[in-house]
Amino acid sequence: MTFKLNRRAVVGIGAALLALAPVLSAHADALDDIKKRGTIRVGVLSELPPWGFIDASGKNVGYDVDVAELIGKKLGVKVELVSMNVAARIAQVMTGKVDVLAATMGMYPDRAKVVQFTKPYAALSIIVIAKKGDNITKLEDLAGRKIGVTRAAAQDTAITQAAPAGATIQRFDDDAAVVQALLAGQVDVIGGNNTYLLNIKKAMPDSSFEQKVVINRQYMGVAMRPGQKDLNTRLNQIIDEIKASGELNAISKKWTLQDLPELVTELPGVPFTVQ
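Below: a short report on this structure.

What counts, and at which threshold
- Residues numbered from 1 in each chain as written.
- Predicted model: local features only at pLDDT ≥ 70, side-chain atom pairs only at ≥ 80, totals over all residues.
- Heavy atoms only, no water.
- Axes fitted to C-alpha atoms, helices over the stretch in contact; angles between N-to-C directions.
- Helix = DSSP H or I, 4+ residues; strand = E, 2+ residues; numbered from the N terminus.
- Parallel < 35°, antiparallel > 145°, perpendicular 65-115°, else oblique.
- Left-handed = near helix turned anticlockwise from the far one by under 90°.
- Contact = heavy atoms within 4.5 Å.
- Salt bridge = Lys/Arg side-chain N within 4 Å of Asp/Glu carboxyl O.
- Buried < 20%, exposed > 50% of the residue type's maximum accessible area, 1.4 Å probe, protein only.
- Pairing = 2+ DSSP bridges.
- Phe/Tyr/Trp six-rings, centres within 6.5 Å; stacked < 30°, edge-to-face > 60°.

Right, let's get into the packing of helix α7 (residues 175-183) against helix α8 (residues 196-203). At a minimum axis distance of 11 Å, the contact between α7 and α8 shows a crossing angle of 55°. For the element pair α7 / α8, the angle class is oblique. Regarding α7 and α8, the two cross each other, and that crossing is right-handed. Residues Asp175, Val178, Val179, Leu182 and Leu183 of α7 form the contact with α8, whose participating residues are Tyr196, Ile200 and Ala203.

Here you go:
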């Protein structure tokens, strides 16, 4: 026997499936998979000191890596670190290549529409860096200059939106290439974060580069696929625990040479818990 569905019936079935999506995702929470597997797969950056990079021995190290290791310890599972660049982060977690991201993921409303964030575990400032002699005190002063940014990073978005007419934006695949372009004179200024200056100082101790303009304050959280309520809840508990114990402050002092800055308890448009 055959039958036909009219358009209204098809739309109704589609709506019913959408309504069931939160229920289905709740039964497929990643925390269960992680515990059964005995391993949490964490996406980390491989080219952004001091947050996530490969050391001389070929090992993943950095602020984010230490946080990932603490998360694994608290969950009682092994940690599998998956190296990636900035542009690949969201795709890697959304396709299930990793369970979570601890990859200097700035917590912004547009990203919160795609991934679920935890409470923040770190913060930095998105800034403009140039030579000390350059008269740059505001974004309008970037007119006529070549600006280097990392493709798809927060500074790419911020500078693209705010750069004045006449500025040329050059995008690079990773942060190391941006810093190298500045040191080599390929660009006049770069958009980055305040820890870039630590890396510039290591690469060129006598350099005359400095922070010129603060664009915004960025908070970083662990990111995961939407709907992972149990995993999100447990990771928020872990972040609270390592803040209270002083372990997170020790990581901050180790990698940024500063105490852990004050972390916000809410961000407009960015929920810290599964809604």
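This part is about the pattern of salt bridges. For the coordinates displayed, the defined rule picks out 11 salt bridges. Put simply, arginine 41 and aspartate 99 hold a salt bridge, and the shortest N to O gap is 3.0 Å. Pair noted here: arginine 41 is in strand β1 (residues 39-45) and aspartate 99 is in the loop between α4 (89-94) and β6 (100-101), with a separation of 58 residues, a long-range link. A relative accessible area of 3% places aspartate 99 in the buried class.

For strand β10 (residues 189-193), the buried fraction is high: 5 of the 5 residues fall into the buried class. Where burial is concerned, the two faces of β10 agree: the one with Val189, Gly191 and Asn193 and the one with Ile190 and Gly192 are both buried. Pairing of strand β7 (residues 116-131) with β10 involves 4 bridges; the strand directions are antiparallel. Directly across from isoleucine 129, in β10, lies its bridge partner isoleucine 190. Two strands pair when backbone bridges link them, and strand β8 (residues 146-150) and β10 are joined in this way by 2 bridges, in the parallel orientation. In the strand pairing of β10, isoleucine 147 is matched with valine 189.

We now examine α7. The α-helix advances 3.6 residues per turn, and as a result positions three or four apart in sequence lie on the same side. For α7, the complete set of buried residues consists of Asp175, Val178, Val179, Ala181, Leu182 and Leu183. Positive backbone phi, approximately 80°, marks glycine 185, located one or two places after α7.

Examined against the element boundaries, isoleucine 159 turns out to sit in helix α6 (residues 154-162). Along the chain, isoleucine 159 and isoleucine 127 lie 32 residues apart, while their C-alpha atoms are 9.6 Å from each other.

Here we take up the packing of helix α3 (residues 63-75) against helix α9 (residues 229-245). Where α3 contacts α9, the two axes come as close as 10 Å, and the packing angle between them is 110°. Here α3 lies roughly perpendicular to α9, going by the angle between them. The way α3 lies across α9 gives a crossing that is right-handed. Residues Leu70, Ile71, Lys74 and Leu75 of α3 touch α9, and the partners they reach there are Arg234, Leu235, Ile238, Glu241 and Ile242.

Below, the discussion takes up unusual backbone geometry. The general pattern is negative phi for most residues beyond glycine and trans for most peptide bonds. With an omega of 0°, the peptide bond between proline 49 and proline 50 qualifies as cis. At alanine 152, a position not held by glycine, the phi torsion is positive, near 75°. Note that alanine 152 resides in the loop between β8 and α6. Here alanine 152 falls in the partly exposed class, since its relative accessible area comes to 39%. Residue leucine 257 is not a glycine yet carries a positive backbone phi of 65°. Of note, leucine 257 is situated in the segment after α10 (247-256).

Under the defined criterion, the tally for this structure stands at 3 aromatic pairs. Residues phenylalanine 53 and tryptophan 255 carry aromatic rings whose centres are separated by 5.9 Å and whose planes lie at 85° to one another, so their mutual orientation is edge-to-face. Of this pair, phenylalanine 53 sits in strand β3 (residues 52-54) while tryptophan 255 sits in helix α10, placing them 202 residues apart in sequence. In this structure, phenylalanine 53 and tryptophan 255 share a single accessibility class: buried.

Let us now look at the sheet that holds strand β2 (residues 47-48). The 3 strands are arranged β2-β3-β4 in an open sheet whose pairing can be described as antiparallel. The sheet is open, and its two borders are formed by β2 and β4 (60-61), each paired with just one other strand. Note that β3 and β4 share 2 bridges and pair antiparallel. In the strand pairing of β4, phenylalanine 53 is matched with valine 61.

A large share of β1 lies buried, amounting to 6 of its 7 residues. As paired elements, β1 and β6 share 2 bridges and run parallel to each other. Residue pairing across strands places glycine 43 opposite leucine 101, the latter belonging to β6.

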